[in-house]
Every structure is written in structure tokens, then in C-alpha cells.
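Structure assessment
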Amino acid sequence: LAKAQGKNTFEYYTAQLAQRAAEHFSLEGDLVRAAGQGELRLVYQPKFRLADGSMSGMEALLRWQHPQRGLLMPDMFIGLAEESGQIVPIGRWVLQAACRQIREWRRHGIEVPPCAINLSMRQFAAATLIDDVLGTLAEHGLGAEALELEITESVLMHDPDRGGRMLHRLREAGVRIAIDDFGTGYSSLAYLKRFPAHTLKIDRSFIRGLPQGREDTAITRGVIAMAHSLDMRVVAEGVESPEQLALLYHHGCDEAQGFLLGRPAPPGPLPPNVAVGAHVAAVFDELRREHD
Ligand code: C2E
Ligand code: MG
Ligand code: MG
Ligand code: MG
């Protein structure tokens, strides 16, 4: 009996593995067509200034509306796209789609703060990145200030010399740069001065521990102080509670982004802050009442 069971278990696992492998390959095949068939979407999440509650910018985040599997989050397919190289054309689609959307909002006479897009390793490594970015902006009649590029510390640290040079060139072209998920890579503080970014985004994993966690609080305070001394702005990502927001405010963090203030949402006729405006105003009123 045990033997039979063992065999069944083995067959079960083999079948499961085979299924997972098949899923992997079919997703990879599907991905090649996804952009062409209009299955990719961008959702937009606003960011707010802690000083006055105004919207400072937004971030475009990728979704894949798969015809059979439904809505897929980036964690399901970005890694795959990175491995296969599909991320490069997908990244171009993201750039195009974000610029089209910014132009669309502006066409209605709406002031739109900078929109950030995320770059992964291969995109950042592509020789054509700077031309792609500047070319797409020009194609849509947008200035460089319309966009911000989010690049993780680990992508920059992969080849720090090249990373530093690329950031200098992008910055000279007027494109804003944010270092994403800060604190999770091999952040050598010595390197930070060679990465001329405007903004540091403190990773969600540190914000999650606020306000109770002593280490997370210490790290958050340290990052804010260090970024300010290097003339960078600090954004806290993944802010979910008023207590987290209050701690960040107290320690002089510049901006916040997270479910407390606004979830990523499909673009409407108005930019993302309008949809959440009254809610955000109430959150900031409360913050000031508690603090001042
Ligand atoms: P990220 O750039 O660090 O983006 C922040 C992620 O945190 C997003 O997840 C966002 O929905 C989520 N988030 C925001 N506020 C909160 C919060 O308060 N609580 C929690 N629990 N989560 C929050 P998402 O959209 O699933 O994206 C995951 C990652 O996928 C992104 O992390 C980014 O690295 C990557 N990604 C997304 N879009 C693109 C893209 O267009 N191109 C590339 N290369 N990567 C992308
Ligand atoms: Mg990001
Ligand atoms: Mg991040
Ligand atoms: Mg992240």
C-alpha cells in the first residue's frame, strides 16, 4: 500500500511539475502576442506631498488582461518577460502608453504631474534606452519633465559604473530618476553619491514595520536623513495606515504612496488624484490635527 501511495504521490508531483512547466511555456508564448493584441494595460497610482497633501506625481503599473486567465499582476510575468527578452518590446509599449495617456489628460486642459514608469534590468541595459525615452516623448510632444524613471538599486548595482553614467546622461536630458525599492539591494552608501537620482523610494518592507518596529523606524529615519543630505527627495511606498503616515510626516519624509491614499486604478478622464481627492484631504486633515 505504501508503495502504491508513494508511486501515486510521485505521479502527482510529476504531473504538477509538468503542468507548471506547460503553464510557464504557454504564458511565455502568449506574452509575445499580448502587446500586439491589446491585452496589456496600465493602471496609475498617485503619490502625494506630505507637506500639503497635493499630488506630486503618479506611477504607471503594468497589468496583463489575459483572455483565459484573467487579470495578471506583474509578478506573474515580468520575470518571464525579462528572461525571454520580451520585456524590451513590452517596455516600449509601456512608454508609449504612458505618454499617450499624459497627452490625453493634457488635451483636456488638465495639469498632470510627472508620471513614473518602471524599468527592469534588460531595459536599462538596452543601448537604445535613452533614444527610446527621448524619442517617445518627442513623438507625443512632451517635455522630459513629463516622465520619471524608476530603477531599482539592484539594477544599478549590477554594473555601477555604467549605471552611474546612464543616470548622468538621463539627468542631463532632463528626465527625472527615482531609485526604487531602496534598502532591499546591496545598497552601498558609497555608490549612492555616484547615482545622481532625484528621489529615493523607501521599500515597502520597511514601511510595513512602522510605527512599532524599532529597526524599521531607525532605518526609515536614517534613509530620510541621508537622502536629504545628498539633496534627494524621499518617497515612502506602501503606506497603508494613518499611523505610518504620521511617523513619516514626523520624520520629514517628502512624499507618500500607498493604499491608504490611493490604489492603482485604470485611467479615467481625470488624473488619479481627482478620484481620491476628498478622501486624501480627510486623511491629511486628520494628520495635521494629530500632529500640530
Ligand atoms: P514597484 O515599482 O515597487 O511598485 C509598487 C508595487 O506595490 C505595485 O505592485 C503596487 O500596486 C504595490 N503597492 C502600492 N501601494 C501599496 C500598498 O499600500 N500596499 C501594498 N501591499 N502594495 C502596494 P504591482 O503593480 O503588483 O507591481 C509589482 C512590481 O512589478 C513593481 O514594483 C515593479 O517592480 C514591477 N512593474 C510594474 N509595472 C512594471 C512595468 O511597466 N515595467 C517593469 N519593468 N516592471 C514593472
Ligand atoms: Mg516602482
Ligand atoms: Mg517600489
Ligand atoms: Mg517593488
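The following refers to the structure shown. Everything numeric here is computed off the predicted structure, so don't read it as measured data. (Residues numbered from 1 in each chain as written. Chains lettered and ligands numbered in written order. Predicted model: local features only at pLDDT ≥ 70, side-chain atom pairs only at ≥ 80, totals over all residues. Heavy atoms only, no water.)

1. What to know about the nonpolar core
Phe124, Leu200, Leu245 and Leu261 are the most contacted members of the largest nonpolar core, which totals 80 residues. Element by element, the count of residues in this core is highest for helix α3 (residues 87-107), at nine residues. (Core = buried A, V, L, I, M, F, W, Y, C linked by side-chain atoms within 4.5 Å. Buried < 20%, exposed > 50% of the residue type's maximum accessible area, 1.4 Å probe, protein only. Helix = DSSP H or I, 4+ residues; strand = E, 2+ residues; numbered from the N terminus.)

2. Examining the coordination of the magnesium ion (ligand 2)
All of the protein donors around the magnesium ion (ligand 2) are Glu59 (OE), Asn118 (OD1), Glu150 (OE) and Asp180 (OD); their distances to the metal are 2.0 to 2.2 Å. Each donor residue of the magnesium ion (ligand 2) belongs to the same chain, with the gaps between them written as E-x58-N-x31-E-x29-D. Between the magnesium ion (ligand 2) and the magnesium ion (ligand 3), a separation of 3.9 Å is found, and both are coordinated by Asp180. Taken as a pair, Asn118 in strand β4 (residues 115-119) and Glu150 in strand β5 (residues 147-152) lie far apart in primary sequence, 32 residues in all. Take Asn118: its relative accessible area is 28%, and that puts it in the partly exposed class. (Donors = N, O, S within 2.8 Å, 3.2 Å for Na, K, Ca; no water.)

3. Description of the site of ligand 1
If you check the shell around ligand 1, you find 25 residues, and the closest are Arg63, Asn118, Arg204, Glu240 and Phe259. Within the contact set of ligand 1, an oxygen atom lies 3.0 Å away from a side-chain nitrogen or oxygen of Glu59. In this structure, an oxygen atom belonging to ligand 1 sits 2.8 Å away from a side-chain N or O atom of Arg63. Considered on its own, ligand 1 offers 810 Å² of accessible surface; in the complex 85% of this is hidden by protein. Its atoms largely coinciding with the cavity grid, ligand 1 occupies the largest pocket. Those elements giving two or more residues to the shell around ligand 1 turn out to be β2 (55-66), α2 (74-84), α3 and β6 (176-182). Looking at the shell around ligand 1 element by element, the count peaks at four residues for β2. Across the shell around ligand 1, the residue classes break down as 10 nonpolar, six polar and nine charged. (Near = heavy atom within 4 Å. Polar contact = N/O pair within 3.5 Å; in protein donor to acceptor, adjacent residues only side chain to side chain. Areas by Shrake-Rupley, 256 points an atom, 1.4 Å probe, with all protein chains shown as cover. 1 Å grid on protein atoms, 1.4 Å probe; cavity = no way out; pocket = protein on both sides within 12 Å on 5 of 7 lines; lining within 4 Å. Sits in = over half its atoms within 2 Å of the grid points. Nonpolar A, V, L, I, M, F, W, Y, C, P; charged D, E, K, R; others polar.)

4. Here we look at empty space enclosed by the protein
Here the structure, examined in full by the defined rule, presents two cavities of 30 Å³ or more. Reported here for the largest cavity is a volume of approximately 100 Å³. If you go around the largest cavity, the residues you meet are Val88, Gly91, Arg92, Leu95, Ile117, Leu119, Gln123, Ala126, Thr128, Leu129, Asp132 and Val133. Elements that contribute at least two residues to the lining of the largest cavity include exactly α3, β4 and α5 (129-139). With four residues, the single largest contributor to the lining of the largest cavity is α3. Residue classes in the lining of the largest cavity are distributed as seven nonpolar, three polar and two charged. (Points joined across faces, edges and corners; volume = space filled by probe spheres on them.)

5. A few points about the pairing of strand β1 (residues 40-49)
Of all 10 residues making up β1, eight are buried, and the element is well covered by its neighbours. Sheet topology places β1 next to β2; nine bridges connect them, and they run antiparallel. By the bridge assignment, Arg41 is partnered in β2 with Arg63. Between β1 and the antiparallel strand that follows it, β2, lie five residues; Gly53 among them carries a positive phi value of about 80°. For β1 and strand β9 (residues 255-256), the ladder comprises two bridges, and the chain directions are antiparallel. Residue pairing in the sheet places Phe48 in a bridge with Ala256 of β9. (Pairing = 2+ DSSP bridges.)

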